[in-house]
Amino acid sequence: MEDKIRNIQTQYLNKINQAKSLKELDGIFLQLFGKNGALDLLPKEFSKLSSEERRKVGPLFNQVKQDLEKAINDKRGVIREETYQKLADEKLTFQPLGLEARKRTGHLHPVTQLLNETLDLFSKLGFERFDAPHIDTDEYNFELLNIPEGHPARDLWDTLYINSKIKNQKSKLLLRTHTSNGQVRAMRQLKPPMRVMIIDRCFRYENLDARHEHTLEQFEIVYIDKGVSMANLQYLSEYFFQGILGKDIKARLRPKYYPFVEPGAGVDGLCIFCKGKGCNVCGGTGWLELAGAGMIHPQVLKNGGIDPKEYSGIAWGVGPERMAMLKYGVEDIRLFKSGDLKFLEKY
Amino acid sequence: MKVSINWLNKLVNLNVSIEELVRLLPLRTIGLKEVTKNYIELDMKGYNRADLLSIRGVAYEAATITGSNILFNEPQEAEFVWNQESLPEVKVDVLNLKLCPFYCIAKIEGIKVDKSSEDWVKKIEASGMRSVNNIADVTNLVMLEYGQPLHAFDAGKVSGRVSVRLASQGETLQTLDGKVRQPDTSDMVITDKSGPIAIAGIMGGKETEVSNYTSSILLEAAIFDPVNLRQTATKLNLQSEAGKRFQHGLTKTRLLQALNAAIKMYQEPGGKLTAISIVGNSQDQQKVVNLSLSNLNALVGIDFTDKQVEEYLSRLYCKPASYSSNGNVVWEVTIPYWRLDINIEEDLIEEVARLYGYEKIPAKSLAGEYKPKGDQKQFVLIRKLKDALVSLGLTEVQTYSFYSTRVLNALGLTKEKADKRLVKLANPMSSETEYLRESLWPNLLEVIDRNVRLDFKDIAIFEIGKIYYLNEKDETSEKYVLTVALTNNTDNPLVELEQIFKTANQKLDLKISEDLEKEKGANLELFHPTRLIQLKTGRGKTLGRLAEIHKRVTDKFSLDKRVAVLEVSIVIASDFRNFSCFL
């Protein structure tokens, strides 16, 4: 039996060495490891051996099996490297512009479509874009927004932190948990009156399922001026829902706690499915919780260098993915970042 | 917080139906997680209403929003059991008054351990907890009603003086869950002669646990520093109903009422108070917050009358004292002790607004005109690029900001190399989210691979998004990048991609130039050796590249297709003022 194993080893090592293509190697692999391959059949004969022989043959067999597998993989690498070398002979070629191009139908991502509509709506009211970093400090993401370390409100955000080995600022680095990290920055840079929109992805420590994402888009507006009131908040909420979901979608404010606003508000939209009658989607209430908002907390205004006695402001944010799910009937939030063209080509 | 409906009905004489209360709570107070015929569950996640972690607090709130009356009295200090007779002290030293500003411990003797009455069991179960025995159940029932956590030690197993202090180096304790814990020197513990007998406010020790043979207990009611306690709870991964209440904040007034109630409840199974110590000032600080009618009306956008405001304030159990100031009414409002969340005028404005009803606030359009002040070029360019690429037949994708393990493997980034080169997370959800992407094309390659498996043969996709990297100073940086990836069933997709690029370049008048000179850089093994074109601005600044992905990389995905990519950095592009789309 020992000889038999060694024979297989020599014979196949030779074959492997002489192989010239990946296809040939695939063939050899099947001859060895496939069903009824040389190494597949052997163990069936072991039962006939004495236990002493088996103790010798067993380890040898395993060793040879590993060696041959490695030899095939190594040879694959060698053959690949050879083909890689040949790439250098391939030319860079051009075609003159104007030659008939392939015809395809392009698609804008559904969340981009929703964001574009949102941007257009608020641009009409004068709002401008403001960019805030994805990798930010604890200070901008939490501290300056009235969320000190050790505050139970931090439970609202399960935060992803950047490895502290990276030397940077004094404050801890993290992936922003919300677009509100741009609030104080915008206040300091633009000064009131201001109307800004902060958009793009945010991150949470969250395990994925059909309704939860660790990477999600946010759309947020920050509106600061003299005499801004909750009545303006009601207006902006209604303006958004009616612009995106339909003329009959009313907005309803409810008390909600966010540490960076006071008063704070949850913003409901009339359920787009039952229009307020109560259905499965809205849990019978007739309303869907769609946005979070409030009057910017005086401490946050102060942190942004703004006198709360002179100015007041609104912060208002919504999850574009959730809006897109409602508007386009998407049932699984993970589809948005899946790159699945069957999904994306529907829009 | 699960609020037993039966229990609530005993504490407040609701003048509306439960259905109406359930309708009003989310509109006036807080969202609901679940409503059953037995309980209403409040959605407390991240909330600041410490008072709503007690049924008494919820009863006050229900009375406030419905205009009903509460059915209980709060006992005054003179009525407390321990003020009825003179009692010896329990030997206790509170060694850290900063982290434990108020500590009470009472000795109760002669209790007979037994099952709890049916009424108690029902209350406990309707609140989402489990009945243990009459001793433990009293602590839980009182915590549920008053919001004050209590802990009962078996007095027979506690030896010597009780100390409340920070743990010493190397001290260990087996907690009630059977685990051996090693608190560190920033964690508060309760100790006796033998060492720690509880981690303060978080969990008691196994050693002093109440058993069926217990006849006397030491009953603890305390206030610990919420921030410190939260850190300890997080470190030990021990979140509990009690811990939640400590972290939200407690009051001394309610603590004493709770302690008094517990002692009374222990009298039924024979318990008698024999000693008590109360360490620390037992008075809560009275808060007075000013509310001005004009500020209220300006922030809410409603014209409230002073009568209205006073009615709301009294329903809130606030005591308003008004005075006039320049024709405006201002109130000095005394806040009820249990409303730890009301501290500034805006907090009171919210209270008035919610009692009026947020949903009744009328919409008011924005006043005045506004012109953008900041630089909008980058955003305009991104949108134009997206529209142009879609019109050229490309489909926009969005991929995660991370490199998956498949991508890392295809790029030949071992853990060692990745650690050095990429921005890394300290607490990733999994190995799929450990490193941030420093380019988009590897993720687009993964998308192509996925779609090839779904039988797509001709794929033209793009993404505009941020990449993350370490700059020359080893600091984290990020910027927007456009990347296109194309596979078209030919063995040279770069030909077509270069045409798409030229068309877009011309269409948007981007004036990006192609440079065939060989690129110098570390990542060249990732691209085809000859099919690589550098992209530059008119001034010669490098913007990106057009390239075929090296077979070495596609092979790692077992992707038997040639893939060409275009990548252009948008931050630099927006510096470049010749773009016609900016004009």
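Because the structure is predicted, anything quoted here is derived from the model rather than measured. (Residues numbered from 1 in each chain as written. Chains lettered and ligands numbered in written order. Predicted model: local features only at pLDDT ≥ 70, side-chain atom pairs only at ≥ 80, totals over all residues.)

For the rest of this paragraph, the subject is the overall build of chain B. Across its full length, chain B carries 18 helices and 28 strands. The C-alpha atoms of chain B give 34 Å as radius of gyration, which overshoots the globular expectation for 583 residues (25 Å, by more than 25%). A principal-axis box enclosing the C-alpha atoms of chain B has dimensions of 95 × 65 × 45 Å. Counting only residues that meet the buried cut, chain B has 46% of its 583 residues in that class. The contacts of chain B with a sequence gap of at least 6 include a subset with a gap of at least 24, amounting to 69%. (Helix = DSSP H or I, 4+ residues; strand = E, 2+ residues; numbered from the N terminus. Rg over C-alpha atoms; globule rule 2.2 N^0.38 Å. Buried ≥ 20, exposed ≤ 12 C-beta atoms within 10 Å, placed from the backbone. Contact = placed C-beta atoms within 7 Å.)

Regarding its fold elements, chain A presents 12 helices and 9 strands. For chain A, whose C-alpha radius of gyration is 32 Å, the value lies well above the compact-globule estimate of 20 Å for 347 residues. With the C-alpha coordinates aligned to their principal axes, the bounding extent of chain A is approximately 95 × 60 × 50 Å. Taken across its 347 residues, chain A has 41% of its residues classed as buried. At a minimum sequence separation of 6, the contacts of chain A that also span at least 24 residues come to 66%.

Looking now at the environment of B:Ser127. All names here are of chain B. Residue placement: Ser127 occurs in the loop between helix H4 (118-126) and helix H5 (134-146). C-beta crowding within 10 Å serves as the criterion here: with 22 such atoms nearby, Ser127 is assigned to the buried category. Once residues within four sequence positions are removed from consideration, Ser127 is found in contact with Lys2, Ser4, Tyr39 and Leu144.

What follows is about the sheet that holds strand S7 (residues 261-270) of chain A. Residue and element names in this part refer to chain A. Read across the sheet, 7 strands follow the order S1-S4-S5-S9-S8-S7-S6 without closing on themselves; strand pairing throughout is mixed. Unpaired on one side and paired on the other, strand S1 (128-129) and strand S6 (251-255) mark the two borders of the sheet. Contacts from helix H9 (residues 230-245) reach S6, S7, strand S8 (287-296) and strand S9 (312-318), with the element oriented near 135° to S6. (Pairing = 2+ DSSP bridges. Axes fitted to C-alpha atoms, helices over the stretch in contact; angles between N-to-C directions.)

All names here are of chain B. Summary statistics for chain B give a mean pLDDT of 92 and a share of 97% for residues scoring 70 or more. Overall, residues 576-583 carries pLDDT values under 50, and its contacts beyond four positions in sequence, including any with other chains, amount to 13 contacts. Across the whole predicted complex the pTM is 0.89, and at the interface the ipTM reaches 0.91. (pLDDT = per-residue confidence, 0-100.)

Residues and elements named next belong to chain A. As a packed pair, helix H6 (residues 110-123) and helix H11 (residues 320-328) sit with axes 9 Å apart at the nearest point and diverge in direction by 100°. In terms of orientation, H6 and H11 fall into the roughly perpendicular class. Residues Pro110, Val111, Leu114, Leu115 and Thr118 of H6 form the contact with H11, whose participating residues are Pro320, Glu321, Met323, Ala324, Lys327 and Tyr328. Considering only residue class, the contact of H6 with H11 consists of 8 nonpolar, 1 polar and 2 charged. (Parallel < 35°, antiparallel > 145°, perpendicular 65-115°, else oblique. Nonpolar A, V, L, I, M, F, W, Y, C, P; charged D, E, K, R; others polar.)

What follows covers the nonpolar core. Soluble globular proteins: nonpolar side chains tend toward being buried together. With 174 residues, the main nonpolar core has A:Ile314, B:Ala106, B:Ala200, B:Ile217, B:Leu219 and B:Ala262 as its most contacted residues. If near-sequence neighbours (up to four positions away) are discounted, B:Ala106 is found in contact with B:Val90, B:Leu219, B:Leu259, B:Ile263, B:Leu273 and B:Ile276. Grouped together as the second largest cluster of nonpolar side chains are 69 residues, B:Leu436, B:Ile461, B:Leu482 and B:Phe557 included. (Core = buried A, V, L, I, M, F, W, Y, C linked by C-beta atoms within 7 Å.)

The subject of this paragraph is the pairing of S7(A). Residue and element names in this part refer to chain A. Counting buried residues in S7 gives 10 out of 10 residues, a clear majority hidden from the surface. Of the two faces of S7, the one carrying Val261, Pro263, Ala265, Val267 and Gly269 and the one carrying Glu262, Gly264, Gly266, Asp268 and Leu270 are both buried. In this structure, S6 lies alongside S7, joined through 5 bridges in antiparallel fashion. Counted as the bridge partner of Pro255 is Ala265 from S7. Adjacent in sequence and paired antiparallel, S6 and S7 are bridged by 5 residues. Pairing analysis gives 8 bridges linking S7 to S8, with the strands arranged antiparallel. In the sheet register, Gly266 faces S8, and the bridge partner there is Gly292.

This part takes up the interface of chain A and chain B. Each partner contributes to the interface: chain A provides 81 residues, whereas chain B provides 91 residues. Contributions of two or more residues to the side of chain A that touches chain B are made by helix H5 (51-86), H6, S1, strand S4 (194-203), H9, S6, S7 and helix H12 (341-344) of chain A. A total of 6 residues in the side of chain A that touches chain B trace back to one element, the largest contributor, which is H9(A). Counted by class, the side of chain A that touches chain B contains 37 nonpolar, 25 polar and 19 charged residues.

Let us look at the pairing of strand S26 (residues 527-536) of chain B. All names here are of chain B. As paired elements, strand S25 (residues 513-515) and S26 share 3 bridges and run antiparallel to each other. Each bridged residue has a counterpart across the sheet, and for Ser513 the counterpart in S26 is Lys536. Summarising the sheet, S26 and strand S27 (residues 542-549) pair through 6 bridges and their orientation is antiparallel. When the sheet's bridge partners are listed, Lys536 is paired in S27 with Thr542.

In this section: the UniProt feature "binding site: Mg(2+)" (unreviewed entry) in chain A. Under the UniProt annotation, "binding site: Mg(2+)" (unreviewed entry) lies at A:Glu262. The contact partners of A:Glu262, leaving out residues within four places of it in the chain, are A:Gly294, A:Met295, A:His297, B:Glu346, B:Asp347 and B:Glu350. (UniProt positions renumbered as here; feature names shortened; annotations may be inferred.)

Right, let's get into the environment of B:Asn134. Residues and elements named next belong to chain B. Along the chain, Asn134 falls in helix H5. Overall, the presence of 22 C-beta atoms within 10 Å leaves Asn134 in the buried class. Those residues within four positions of Asn134 in sequence are excluded, and the remaining contacts are Val113, Asp114, Lys115, Ser116 and Pro269.

All names here are of chain A. Backbone torsion omega between Pro192 and Pro193 reads -5°, so that peptide bond is classified as cis. With respect to the element layout, Pro193 can be found in the loop between helix H8 (183-190) and S4. A positive phi angle, close to 75°, is found at Asn146, a residue other than glycine. By secondary structure assignment, the location of Asn146 is in the loop between helix H7 (138-141) and strand S3 (173-175). Backbone geometry at Lys275 places phi at a positive 55°, although glycine is not the residue there. Counting through the fold element by element, Lys275 comes out in the loop between S7 and S8. For Lys275, a count of 14 C-beta atoms within 10 Å corresponds to the partly exposed category.

Interface size is commonly expressed as the accessible area that is lost once the parts come together. Segmentation of chain B into domains returns domain 1 (2-70), domain 2 (77-279), domain 3 (287-358) and domain 4 (377-582). Taking only C-alpha atoms into account, the centre of domain 1 of chain B sits 54 Å from that of domain 4 of chain B. (Domains from an automatic or database assignment.)

Helical periodicity: at 3.6 residues per turn, an α-helix aligns residues three or four positions apart in one direction. Residue and element names in this part refer to chain B. When you tally the buried positions in helix H7 (residues 241-248), you get 6 out of 8 residues, the bulk of the element. Residues of H7 that are buried include every one of Ala242, Gly243, Arg245, Phe246, Gln247 and His248, and no others. On its buried face, H7 sits against H5 and helix H6 (226-235). After H7 finishes, the residue Gly249 shows a positive phi value of roughly 110°.

Here we take up the UniProt feature "domain: B5" (unreviewed entry) in chain B. Here, UniProt's "domain: B5" (unreviewed entry) annotation points to residues 284-363 of chain B. Spanning residues 284-363 of chain B, this segment combines 38% helix with 26% strand, and its end C-alpha atoms are found 41 Å apart.

Turning our eyes to something else, we now look at the sheet that holds strand S4 (residues 39-42) of chain B. Residues and elements named next belong to chain B. The strand order across the open sheet built from 3 strands is S1-S4-S3, with neighbouring strands paired in antiparallel fashion. Bordering the open sheet on either side are strand S1 (2-4) and strand S3 (32-35), each of which pairs with just one other strand. Strand-to-strand twist in this sheet, taken as the mean axis angle between neighbours without regard to direction, amounts to 20°. In this structure, S1 lies alongside S4, joined through 3 bridges in antiparallel fashion.

The subject of this paragraph is helix H8 (residues 252-267) of chain B. Residue and element names in this part refer to chain B. Counted at 1.5 Å a residue, the expected span for H8 with its 16 residues is 22 Å, and the 23 Å between its end C-alpha atoms agrees. Counting buried residues along H8, 12 of its 16 residues qualify, which places the element largely inside the surrounding structure. Inspection of H8 places Lys252, Arg254, Leu255, Leu256, Gln257, Ala258, Leu259, Asn260, Ala261, Ala262, Ile263 and Tyr266 among the buried residues, and these make up the whole buried set. Buried-residue contacts for H8 involve strand S7 (102-109), H5, strand S8 (150-154), strand S15 (216-223) and strand S16 (272-279). (Expected span 1.5 Å × (residues − 1).)

Under the domain assignment used here, chain A contains domain 1 (2-89) and domain 2 (110-344). With centres defined by C-alpha atoms, the gap from domain 1 of chain A to domain 2 of chain A works out at 59 Å.

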